[in-house]
Amino acid sequence: MFLSRIFGRTLFAAAKSETSTATAAAASAARNPLEEFFEADRSVDDDKPVVYGRSWKASELRLKSWDDLNKLWYVLLKEKNMLMTQRQMLHAQNLKFPNPERIPKVRKSMCRIKQVLTERAIEDPDPRRSAEMKRMINSL
């Protein structure tokens, strides 16, 4: 009886530690989806300014496939939503929005994707497929 209590406690403690480890790993892997609307905070100690990229050129976008352009569209949409959310929150706190030039870059890239997709839809010889592509592009 004494041995069963000791082994029972030992096994229970081992099982409890395994579940707590698994729970902690799952909690760290599962992030709040609302965090994607906010940019990761930089440390205050960083003296050098962050340099952000340029907008996509139409010539570069013409080389991409339909699926790649569709994926890029949603990446840019997510970036735009994140920037607009950050700008709105900082405006509500009377703080300055850092790097406001990022929003026009994202918008230009999105407009250029629509332009390239529209060019492809116009060039398509099948009128039904062309009309379907145009409807899809206009819904973006």
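Residues numbered from 1 in each chain as written. Predicted model: local features only at pLDDT ≥ 70, side-chain atom pairs only at ≥ 80, totals over all residues. Heavy atoms only, no water.

Visitor: Could you clarify how one ought to interpret empty space enclosed by the protein in this entry?
Guide: Here the idea is plain: a probe the size of a water molecule rolls over the atoms and shows the empty space left. Counted according to the given criterion, the structure contains one cavity of 30 Å³ or more. Counted as a void, the largest cavity has a volume near 40 Å³. Along the walls of the largest cavity sit Trp66, Leu69, Asn70, Trp73, Leu117, Met136 and Leu140, which together make up its complete lining. With four residues, helix α3 (residues 66-92) is the largest single contributor of residues to the lining of the largest cavity. Looking at the lining of the largest cavity residue by residue, the classes come out as six nonpolar, one polar and no charged. (1 Å grid on protein atoms, 1.4 Å probe; cavity = no way out; pocket = protein on both sides within 12 Å on 5 of 7 lines; lining within 4 Å. Points joined across faces, edges and corners; volume = space filled by probe spheres on them. Helix = DSSP H or I, 4+ residues; strand = E, 2+ residues; numbered from the N terminus. Nonpolar A, V, L, I, M, F, W, Y, C, P; charged D, E, K, R; others polar.)

Visitor: When you look at the layout of surface pockets in this model, what are you seeing that I'm missing?
Guide: If you add up the space inside the second largest pocket, you get close to 180 Å³. Along the wall of the second largest pocket there are 13 residues; nearest its centre are Gly53, Arg54, Leu76, Lys105 and Val106. Sorting the residues of the lining of the second largest pocket by element identifies α3 and α4 (102-123) as the ones contributing at least two each. Among the residues making up the lining of the second largest pocket, the classes are represented as six nonpolar, three polar and four charged.

Shape descriptors only; they carry no functional weight alone.
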